[in-house]
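# Descriptive analysis of the structure
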Amino acid sequence: MGIRNVGRVAASAAPTPQPMGISADLADARQQLKGALPAVPWDAVEAEVKKAQAERSITRLQALQWVYSEVAAGWWPPRRKR
């Protein structure tokens, strides 16, 4: 009983897993927000998301969407003090 050589599987044969469900929604919301505020440090945006989440008792996805709506209405993260 020998072992047969059946060939190799190419490394790119396996598809890259794509986010699904809430993970995909969160990724899309982050990407949309980052696209709207490309020159702003992400930590300033993240602080506003966390603040909205805590103050409004909402989910992370809702907080991301809320901050995005604030950006659309003209809000801009405050500049850091140096």
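Notes on the structure follow. Here, residues in each chain are numbered from 1, in the same order as that chain's written sequence. For this predicted model, a pLDDT threshold of at least 70 governs which residues receive local features, and a threshold of 80 or more governs which side-chain atom pairs are given and counted, while totals over whole chains, interfaces and linings are taken from all residues. Hydrogens are left out, water is left out, and the side-chain values use all remaining heavy atoms of the structure.

## Considering the overall build of the chain
Under the convention used in this document: Helix and strand definitions follow DSSP, with helices as H or I runs of at least four residues and strands as E runs of at least two, each counted in order from the N terminus. Working definition: with a 1.4 Å probe on protein chains only, accessible area under 20% of the residue-type maximum means buried, over 50% means exposed, and in between means partly exposed. We call two residues in contact whenever any of their non-hydrogen atoms come within 4.5 Å of each other. Shrake-Rupley sampling with a 1.4 Å probe provides the accessible areas, and residues are treated as covered by the protein chains on show and by no other component.
Scanning the chain from terminus to terminus reveals three helices and zero strands. Secondary structure of the chain in N-to-C order comes out as α-α-α. Taking all 82 residues of the chain together, 21% fall into the buried category. If you take every contact in the chain between residues at least 6 apart in sequence, the share linking residues at least 24 apart comes to 52%. Counting only carbon and sulfur atoms, one obtains 54% of the accessible surface of the chain, whose full area is about 6,800 Å².

## Section: the side chain of Glu 48
Threshold: Neither His nor the chain termini are counted; the positive set is Lys and Arg, and the negative set is Asp and Glu. Throughout this description, the term salt bridge denotes a Lys or Arg side-chain nitrogen within 4 Å of a carboxyl oxygen of Asp or Glu.
Within the secondary structure, Glu 48 is located in helix H2 (residues 42-56). It is Lys 51 that comes nearest to the buried, bridge-free Glu 48 among opposite-charge side chains, at 4.4 Å. Sequence-distant contacts of Glu 48, defined by excluding residues within four places in its chain, comprise Trp 66, Val 67 and Trp 75.

## Re the packing of aromatic side chains
To describe a pair of aromatic rings, one takes the distance between the centres and the angle between the planes. Which entries qualify depends on this criterion: Two rings from Phe, Tyr or Trp (for Trp, the six-membered ring) form a pair when their centres are within 6.5 Å of each other. A pair whose planes differ by under 30 degrees is stacked, one over 60 is edge-to-face, and the rest are tilted. Look at NZ for Lys and CZ for Arg. If either is within 6 Å of the ring centre and within 35 degrees of the ring normal, a charge sits over the ring.
Using the criterion set out here, one finds zero aromatic pairs in the structure. Taking NZ or CZ as reference, Lys 34 lies 4.9 Å from the ring centre of Trp 42, over its face.

## Observations concerning the nonpolar core
Soluble, globular proteins show a tendency: their nonpolar side chains are buried together. Filter applied, for reference: To qualify as a nonpolar core, a set must consist of buried Ala, Val, Leu, Ile, Met, Phe, Trp, Tyr and Cys residues joined through side-chain atoms within 4.5 Å.
By size, the foremost hydrophobic cluster in this structure holds 13 residues, and its most contacted members are Leu 33, Leu 37, Val 45, Val 49, Leu 64, Val 67 and Val 71. Among the elements of the structure, helix H1 (21-36), H2 and helix H3 (60-72) are those that each provide at least two residues to this core. Sort the elements by how many residues they give to this core and H3 lands first, with five residues. Not counting the four nearest positions on each side in its chain, Val 67 is found in contact with Leu 33, Val 45, Glu 48, Val 49, Ala 52 and Trp 75.

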